[in-house]
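Here is what each chain is made of, one letter per residue.
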Amino acid sequence: MSDAEKDYFRRDVQGLRGVAVLLVVIYHSGVGLPGGFVGVDVFFVISGFVISQLLLRELQQTGRVSLRDFYARRARRLLPALALVTIATLAFSILFLSPFGDQQEVVRTSQATTLFVANAYLFLENTYFSLAGNPFRHMWSLAIEEQFYLILPAALMIGWKLTKRFNERRQLVVLGVGVMVVSLVSFAVGVALSFGYRLTPLPERFAFFGLPSRIWEFGVGVLLAIAPLRAKFIKKFSAAIFLTSSIAIIWSALQLESFTPFPGYVALAPVLGTGGLIVVGQNSERFSKILAWSPLARLGDLSYGWYLWHWPFTVYCLTIWPRNNALAL
């Protein structure tokens, strides 16, 4: 972790990461939480928030973003663990998957994963739910995240340069308005595609796998980094915001299901719920301590590795012991 990352490190946000990975793992285990896939959306909001804070600090201090340093940090964080998971998963596919199609599918998906285009590959290949035996199926979300990171640093730097004649406060306002406009367009695209409006071929599938319909989820986090809400207001209503936000995420995990049009408008619940918890954690010591509960925060520290490994482990367990769904836990 760099010095800049340490300055912005928050245990309550790590706790939220822990919640997100728990939702996804329990959902993929098949033992509960039919809407646990919204853990990915929680991750997207957190990612937008954390990375934007770092980028904005660099802009405020230097007036620019070092793209080389930014992507070098991303590579050091992501690639070693990803390479290990990829090699191990390919090795296990030789032992446990059929050589008549399954192994070839795994190899092709691993190539797309390595290039961070797994979402595009899965969109073109088949539907998400029919690829239950593909141990790289979950890598679509990592691809979307990294594709967003190809856009965000340059977009913020361009916006900062274009508004340099303003004072810093007005610069942040203009940047915030720009992010809000892009996010609203992205949300509208996601809703339209989720309900079958043919802006693209296979619109429902594109809504799920496509970056354009997911940008707004990161955008909520970016907005919170650009324009933190007033502490006095948040402290006054912190209990209500914490309760409402928590209920929104829990409701999503319990009530949504695989065939719910998604992201659509229902993604507002987990996305805004996550945003609410980030804000409360920043402004209320009491609720920050709740979110930073040690087991959750520790799980958040391990969330990237657990996310990478949990689905290959699930696939191979169910391949070897197909009747024992609890093995995924």
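Predicted model, so just to flag it, every value in this text is computed and none were measured. (Residues numbered from 1 in each chain as written. Predicted model: local features only at pLDDT ≥ 70, side-chain atom pairs only at ≥ 80, totals over all residues. Heavy atoms only, no water.)

## Description of the packing of aromatic side chains
- Under the definition given, this model contains 19 aromatic pairs.
- Geometrically, the ring pair formed by Phe37 and Phe262 is edge-to-face, given 5.1 Å between the ring centres and 85 degrees between the ring planes. Placement of the pair is Phe37 in the loop between α2 (11-29) and α3 (39-62) and Phe262 in the loop between α12 (238-255) and α13 (268-283), with a sequence separation of 225 residues.
- Take Phe37: its relative accessible area is 11%, and that puts it in the buried class.
- Judged by its relative accessible area of 6%, Phe262 falls in the buried class.
- A centroid spacing of 6.4 Å and a plane angle of 90 degrees characterise the contact between Phe44 and Trp140, whose relative ring orientation is edge-to-face. Of the two residues, Phe44 sits in helix α3 while Trp140 sits in helix α7 (residues 140-162), which places them 96 residues apart along the sequence. In this pair, the class of Phe44 matches that of Trp140, namely buried.
- What links up through ring pairs into an aromatic cluster is the set Phe44, Phe70, Tyr71, Trp140, Phe148, Tyr149, Phe208, Phe209 and Phe218.
- Sitting over the ring of Tyr304, Arg77 keeps its end group 5.3 Å from the ring centre.
- Positioned above the aromatic ring of Phe208 is the side chain of Arg214, whose terminal nitrogen or guanidinium carbon lies 5.0 Å from the ring centre. (Phe/Tyr/Trp six-rings, centres within 6.5 Å; stacked < 30°, edge-to-face > 60°. Helix = DSSP H or I, 4+ residues; strand = E, 2+ residues; numbered from the N terminus. Buried < 20%, exposed > 50% of the residue type's maximum accessible area, 1.4 Å probe, protein only. Lys NZ or Arg CZ within 6 Å of the ring centre and 35° of its normal.)

## Digging into the pattern of salt bridges
- The full count for this structure, using the stated rule, is 9 salt bridges.
- The partner of Arg74 in a salt bridge is Glu145, and the shortest N-O contact between them spans 3.6 Å. On the criterion of sequence distance, the pair formed by Arg74 in helix α4 (residues 67-96) and Glu145 in helix α7 is long-range, its members being 71 residues apart. Here the two residues Arg74 and Glu145 agree in accessibility, since each one is buried.
- A single network of salt bridges, built from pairs that share partners, joins Asp41, Arg214 and Glu217. (Salt bridge = Lys/Arg side-chain N within 4 Å of Asp/Glu carboxyl O.)

## Re the confidence of the model for the chain
- Here the chain shows a mean pLDDT of 91. Residues at 70 or above account for 93%.
- Looking at the elements of the chain, mean pLDDT is at its lowest for helix α1 (residues 3-7), recorded as 49, and at its highest for α12, recorded as 97. (pLDDT = per-residue confidence, 0-100.)

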